[in-house]
Amino acid sequence: MDPTMNNSPLEFNANKNKPPMPKTAEELNISNENKMMNPGFGMGPGPGPGGPGPGLMDDQGRPHHNYQTTMALGHGDMPPPGNMPNNLDGMPGDMMMAGSMMPQQMGWGPMNPEPPMMMMTGFNQGFAWNGPVSNNIPTKEVLTFKSSVLIPPPPGAPPPTTRDQPMGCRTIFVGGIPDACTEEILREIFENCGKIGSVRLSKKNFSHLRFEQEDAVNKAIYISGYRLKIDNKDDKANTGRLHVDFAQARDDQYDYECKQRAWQREQRHRQRLAEERLRPPSPPPIIHYSEHEAQALSDKLKGDDTFMKASQVLMTWLERGDCSKRSSNTFYSLVQTCNSHIRRLLTEKQQHEEEVLRAKEKFKQQLEGILRQ
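Every chain is numbered on its own, with residues counted from 1 as its sequence reads. Totals for whole chains, interfaces and linings use every residue, but because this is a predicted model, local features are given only for residues with pLDDT of at least 70 and side-chain atom pairs only at 80 or more, for both listing and counting. Note: side-chain values were computed over all heavy atoms of the structure, leaving out hydrogens and water.

## Some words on the sheet that holds strand S5 (residues 171–175)
With respect to topology, 4 strands assemble into an open sheet ordered S6-S7-S5-S10, the strand pairing being antiparallel. The open sheet has two edge strands, strand S6 (196–201) and strand S10 (243–246), and neither has a second partner. In this sheet, adjacent strand axes meet at a mean angle of 20° when their direction is disregarded. Here a strand pair is declared whenever DSSP counts at least two bridges between the two strands. Counting from the N terminus, the helices are the DSSP runs of H or I reaching at least four residues and the strands are the DSSP runs of E reaching at least two. Helix axes use the C-alpha atoms of the stretch in contact, all axes being lines fitted to C-alpha atoms, and the angles between their N-to-C directions lie in the range 0 to 180 degrees.

## A few points about the packing of aromatic side chains
Pairing of aromatic side chains requires ring centres within 6.5 Å, counting the rings of Phe and Tyr and the six-membered ring of Trp. Pairs whose planes differ by under 30 degrees are stacked, by over 60 edge-to-face, and all others tilted. Throughout the structure, instances matching the rule amount to 5 aromatic pairs. Ring centres of Tyr222 and Tyr226 lie 6.4 Å apart, and the angle between their planes is 50°; this geometry places the pair in the tilted category. Aromatic pair Tyr289 and Trp317: ring centres 5.2 Å apart, planes at 80°, arrangement edge-to-face. Residue Tyr289 is found in the loop between helix H6 (250–278) and helix H7 (291–301), and its partner Trp317 is found in helix H8 (residues 307–320); the two are separated by 28 residues along the sequence. Its relative accessible area of 0% is what places Trp317 among the buried residues. Ring pairing ties together the aromatic residues Tyr289, Trp317 and Phe331, which thus form one cluster. Think of it in three bands: residues with accessible area under 20% of the maximum for their type are buried, residues over 50% are exposed, and the middle band is partly exposed, with areas taken using a 1.4 Å probe on protein chains only.

## Considerations on the pattern of salt bridges
Only one rule defines a salt bridge in this text: a Lys or Arg side-chain nitrogen within 4 Å of an Asp or Glu carboxyl oxygen. Taken as a whole and judged by the stated rule, the model has 9 salt bridges. A salt bridge links Asp255 to Arg170; its shortest N-O distance comes to 2.6 Å. Of this pair, Asp255 sits in helix H6 while Arg170 sits in the loop between strand S4 (148–151) and S5, placing them 85 residues apart in sequence. Notably, a salt bridge pairs Glu183 with Arg187, separated by 3.3 Å at the nearest N-O pair. Of this pair, Glu183 and Arg187 are both found in helix H4 (residues 183–190), 4 residues apart, which corresponds to roughly one turn of the helix.

## Thoughts on the sheet that holds strand S3 (residues 143–144)
Taken in spatial order, the 4 strands line up as S3-S4-S8-S9 in an open sheet, and their pairing is antiparallel. Among the strands making up the open sheet, the edge pair consists of S3 and strand S9 (239–241). Two strands pair when backbone bridges link them, and S3 and S4 are joined in this way by 2 bridges, in the antiparallel orientation. The partner of Leu143 across the bridge, within S4, is Leu150.

## Concerning the packing of H7 against H8
For any two helices packed against each other, one specifies the inter-axial angle together with the distance between the axes. Two elements in contact, H7 and H8, have axes separated by 8 Å at closest approach and are oriented at 140°. One element, H7, and the other, H8, form an angle in the oblique class. Where H7 crosses over H8, the two elements pack in a sense that is left-handed. For the pair H7 and H8, the contacting residues are Glu293, Ala294, Leu297, Lys300 and Leu301 in the first and Phe307, Ala310, Ser311, Val313, Leu314 and Trp317 in the second. For classification, angles of less than 35 degrees are called roughly parallel, those exceeding 145 degrees roughly antiparallel, those between 65 and 115 degrees roughly perpendicular, and all remaining angles oblique. The crossing is said to be left-handed when, going from far helix to near helix, the turn is anticlockwise and less than a right angle, and right-handed when the turn is clockwise. In what follows, a contact means two residues having at least one pair of non-hydrogen atoms within 4.5 Å.

## Re the confidence of the model for the protein chain
Think of pLDDT as the predictor's per-residue confidence, scored from 0 to 100. Mean pLDDT over the protein chain works out to 75, with 66% of the residues at or above the 70 mark. Throughout residues 63–135 the model reports pLDDT below 50, and contacts reaching past four residues in sequence, or to other chains, amount to 70 contacts.

## Section: unusual backbone geometry
Residue Asn205 is not a glycine yet carries a positive backbone phi of 60°. The topology assignment puts Asn205 in the loop between S6 and strand S7 (206–211). Phi is positive for Asn232, close to 60°, though the residue is something other than glycine. As for its position among the elements, Asn232 is in the loop between strand S8 (227–230) and S9. For Asn232, a relative accessible area of 63% corresponds to the exposed category.

## Here we look at a nonpolar patch on the surface
Side chains of Phe363, Leu367 and Leu371 sit close together on the surface and give an oily, nonpolar patch of about 350 Å² of accessible area. Secondary-structure assignment places Leu371 in helix H9 (residues 328–372). Among the residues examined, Leu371 registers a relative accessible area of 67% and is labelled exposed. Like charges within 9 Å and nonpolar side chains (Val, Leu, Ile, Met, Phe, Trp, Tyr) within 5 Å are joined into patches, using only residues over 30% in relative accessible area that form no salt bridge. Here the Shrake-Rupley method, with its probe set to 1.4 Å, supplies the accessible areas, and only the displayed protein chains count as covering residues.

## What about the nonpolar core?
Across soluble globular proteins, you tend to see nonpolar side chains buried next to one another. Buried Ala, Val, Leu, Ile, Met, Phe, Trp, Tyr and Cys residues form a nonpolar core when they are joined through side-chain atoms within 4.5 Å. Ranked by internal contacts, the top residues of the largest apolar core, which has 27 residues, are Leu150, Ile172, Ile189, Phe190, Leu209, Phe211 and Ile223. Looking at this core, the elements that each hand over two or more residues are S5, H4, S6, S7, helix H5 (215–221), S8 and S10. Of all hydrophobic cores here, the second largest spans 11 residues; its members include Leu297, Leu301, Leu334 and Cys338.

## A look at the packing of H8 against H9
Packing of H8 against H9 brings their axes to within 11 Å, and their N-to-C directions diverge by 145°. Here the hand of the crossing between H8 and H9 comes out left-handed. In contact with Phe307, Leu314, Trp317 and Leu318 of H8, H9 contributes Phe331, Leu334, Cys338, His341 and Ile342.

## What about H7?
Those residues of H7 lying buried are Ala294, Leu297, Ser298 and Leu301. The arc enclosing the buried residues of H7, seen along the axis, measures out at 105°, which places them on a common side. Turned more than 90 degrees off the buried face of H7, the exposed positions are His292 and Gln295. Looking at the buried positions of H7, the neighbouring elements they touch are H8 and H9. The arc in question is traced by the directions running from the helix axis to the C-beta atoms.

## A short note on the side chain of Ser207
Mapping Ser207 onto the fold places it in strand S7. With a relative accessible area of 0%, Ser207 lands in the buried category. Other than its neighbours up to four places away in sequence, Ser207 contacts Ile172, Phe173, Val174, Ile177, Leu186, Arg200, Leu201 and Ser202.

As structure tokens, then:
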């Protein structure tokens with residue numbers, strides 16, 4: 001192209017022969033963080049302890065795969081664990097990788113320097129617990145009575161199943177009873193759980209026991225699964241595996257409902273007492289207007305002790321509208337009586353205030369005379 005025939009504007013390189021632009025504060029912070037994560041992090045060739053250079057390029061300009069740099073950046077081609085150099089006192093590459101990555105994954109690090117009590121068995125094999133294993137399962141023992149013996153079930157036997165406990169349950173069902181079992185033997189076995197109220201023994205190898213307290217039922221359930229042996233005999237008529245379960249009896253339900261109703265009545269009574277205690281007192285009843293009551297009220301308005309109640313009765317009569325054309329003269333006299341009594345009280349109040357002022361002045365003069373002496 002002929003330069004003399006080119007009419008396009010000239011373009012210049014504005015950054016030519018100029019010093020590099022300074023880094024911003026954000027770029028400096030990112031650079032410092034990278035240096036803290038990897039002290040050998042760099043973008044150019046240079047000597048390093050682990051190879052020809054810690055940067056991303058070697059001396060020939062080829063990309064250099066540094067394991068620390070790759071882990072710090074979080075990307076790149078990571079060398080396989082088996083080919084990693086054995087830098088940690090002869091530890092193989094896969095173990096070094098597991099040791100360098102697992103602390104951050106398992107939750108221990110600078111905030112929790114002590115790792116859990118685990119044994120590392122390999123990167124692909126997981127961890128195994130070497131501590132003791134506690135077993136707090138209670139063991140059942142043989143229960144010996146006067147005429148029978150209860151043998152516990154084997155340790156590996158499944159626990160016996162029970163139904164949901166009814167509300168207020170005090171009766172239990174006992175199944176698997178041998179033919180030679182009697183009511184005395186059942187009382188002897190279950191009397192340690194609580195006081196027994198009644199025992200109903202059936203001919204079909206089961207019975208119902210009713211306790212007097214509800215907490216005795218939970219203690220009796222513990223015997224479920226035991227094998228009963230009577231008189232130390234192993235025949236079928238004298239042995240049997242007991243099954244104890246909750247029973248739903250009408251008497252228990254009725255007693256529970258009676259207790260609930262009594263408790264509700266007590267709660268209502270207490271609530272009513274609390275409401276009455278917080279309720280403001282009712283005003284006293286006001287008598288109805290009549291000529292006789294008006295004459296008696298006039299006498300009460302003149303007394304100092306009965307003036308307050310009498311004035312309240314007069315105000316109530318006026319609010320009710322008892323003042324009519326026929327009784328206007330009576331109300332006028334009552335109002336005049338009330339007014340005169342109030343004026344008399346105000347006069348007495350003024351006299352008392354003047355006496356108090358004179359007493360204060362006299363006390364002040366006497367105090368000044370004492371101070372002068």
